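Per-entry structural report
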Amino acid sequence: MKRLHTWRYWPHRELHARIWALAWPMMLSNLTVPLLGLVDTAVIGHLPSPHYLGAVAVGSMIFSTLYWAFGFLRMGTTGLVAQACGREDGAANRTLLAQSLILASLIGTVLVLLRTPLTEFALALVDPASDVLHEAREYTVVRAFGAPAALCNYALLGWFVGNQNTRIPLILLTAGNLLNMLLDLLFVYGFGLHAGGVALASVIAEWSSLLLGLWFCRRLLGAIPGRFLLEPLRRLQAYSAMLRVNRYLFVRTITLLFTFAFFTTQGARQGTDILSANAVLLNFLLLISNALDGFAHATEALSGRTLGKRNLQQFYRTVVSAGLWSLATALGLTLVFALAGNWIIALLTAIPSVRDTAAIYLPWLVALPLIGIWSYLLDGVFIGTTQVKAMQNTMLFSVFCIFLPVWWLTQPLGNHGLWIAMLSFFIARGLSGGWVYWRISRRQGWVKD
């Protein structure tokens, strides 16, 4: 067996440029999402009663969590399409697009049909005040009608990234969010629709983004050889690869959601200041993920394509290049957090007690970019190569064998113990993912015969 870590795997300048060309549009795309949340908050926050803001916050949280659970529609599509693209299999590329859109449409339609019991169950779990509950119920009922479009947009984004086109997702997300913001202003201030108006704006924006995405999709298909085959769309067995990949990704995503929900719950039990401070500090984690996810998306597209071509040497070069840029970005974030962390906290909250509390736990966030970088990078590798069972297993190990036991043992340390558990979670993801990467590389298991 030849050693992997040799100079022949050092990336060339063209590969660095390709990584950046794919990464920067996704970084900008990621930034539009929290920007939309800020505009929603600003628009509804200037209404005369605070319960409107509470209703939008509750409703947005429900749908963000729900849609995040189905994020496999993007991730699973990316890896499979990237490999088909590497094989120059235009028929498979088209089939995967159609299958992912069909699957997303079916799931979205089920969510619309079950909107009442699902939203009532979610609202019962959150248990908001009675005035907030009425507006939140109106928001969730309206917002549910955007589910098919939102999930189809996930599938389209995955397909575009798999075809190494990240500029179209940037256009789609930016256009959709700008339309959403304009409709927020129109419906809330122009028509006086309150929380229901914010929900309606989101639904229209989601369907508009889907139509625009399908138009771009049609243009891109013109440059891909091959034609659509109807037979794979009629047989359930033909969906086996996509369903298998998405099954593992679904379990992985649900486990990740559980981790952050558990973290928030345990912080809430320590008092309002701790809960609020942790919420402020989690924005630092959002910034980390927005930056490093750009390189993860680039890794997904390029690693899948190189393995589709059965080019292991280029695959390792891709991982090294993405790793170097991810490390440089993580170092930059660590420096920013160390020098300007308290200033960022002051931007996010004006409450003195929350600022002071957040400053106490800021050092954990300063260390997080350099600790979390490896899990983001390896997620990109595993998604692009469809090694998603390993991705699922490392997540299960990191949560149930590391995060929860460390939290249990460090409870006497209070919120410091909670953050130690969170950092241990990221360390475990990086180490376990690195071990899986080493094992697959050692047995040359990336390329399947």
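Here the structure is a predicted model, which means the values were calculated and not measured.

Cut-off values and rules
Residues numbered from 1 in each chain as written. Predicted model: local features only at pLDDT ≥ 70, side-chain atom pairs only at ≥ 80, totals over all residues. Heavy atoms only, no water. Helix = DSSP H or I, 4+ residues; strand = E, 2+ residues; numbered from the N terminus. Rg over C-alpha atoms; globule rule 2.2 N^0.38 Å. Contact = heavy atoms within 4.5 Å. Areas by Shrake-Rupley, 256 points an atom, 1.4 Å probe, with all protein chains shown as cover. Lys, Arg positive; Asp, Glu negative; His and termini not counted. Charge placed at Lys NZ, Arg CZ, Asp CG, Glu CD. Patch = residues over 30% accessible without salt bridge, like charges linked within 9 Å, V, L, I, M, F, W, Y side chains within 5 Å. Salt bridge = Lys/Arg side-chain N within 4 Å of Asp/Glu carboxyl O. Expected span 1.5 Å × (residues − 1). Buried < 20%, exposed > 50% of the residue type's maximum accessible area, 1.4 Å probe, protein only.

Some remarks on the overall build of the chain
Each helix and strand counted, the chain has 16 helices and zero strands in total. Taken over C-alpha atoms, the radius of gyration comes to 22 Å for the chain, in line with the 22 Å a tight globule of 449 residues would show. Referenced to the eigenvectors of the C-alpha coordinate spread, the extents of the chain come out at roughly 65 × 50 × 35 Å. Residue pairs in contact within the chain that sit at least 24 positions apart in sequence constitute 85% of those at least 6 positions apart. Surface exposure of the chain reaches about 20,300 Å², of which carbon and sulfur atoms provide 68%. The averaged location of the 18 negative side-chain charges in the chain is 17 Å from the averaged location of its 32 positive side-chain charges.

Considering a nonpolar patch on the surface
The grouping of L186, F191, L193, L200 and I204 at the surface amounts to a nonpolar patch, some 400 Å² of accessible area in total. Relative to the elements of secondary structure, F191 occurs in the loop between helix 8 (167–190) and helix 9 (194–221).

Observations regarding helix 3 (residues 72–86)
The periodicity of an α-helix, 3.6 residues per turn, causes residues three or four places apart in sequence to face the same way. The terminal C-alpha atoms of helix 3 lie 21 Å apart, and with 15 residues this matches the ideal 21 Å at 1.5 Å per residue to within 8%. Of all the 15 residues making up helix 3, 15 are buried; the element is thus mostly covered by neighbouring parts of the structure. A positive phi of about 55° marks E88, the residue just after helix 3.

Some remarks on the pattern of salt bridges
On inspection of all chains with the given rule, the structure shows five salt bridges. Between E300 and R74 there is a salt bridge, and its shortest N-O distance comes to 3.2 Å. Of this pair, E300 sits in helix 12 (residues 272–308) while R74 sits in helix 3, and the two are 226 residues apart along the sequence. The residues E300 and R74 share a single accessibility class, namely buried. Each member of the salt-bridge network shares a partner with another, and the members are R252, D379 and R429.

Observations regarding the side chain of T306
Relative to the helices and strands, T306 resides in helix 12. By relative accessible area, which is 9% here, T306 ends up buried. Sequence-distant contacts of T306, defined by excluding residues within four places in its chain, comprise N311, Q314, F315 and T318.

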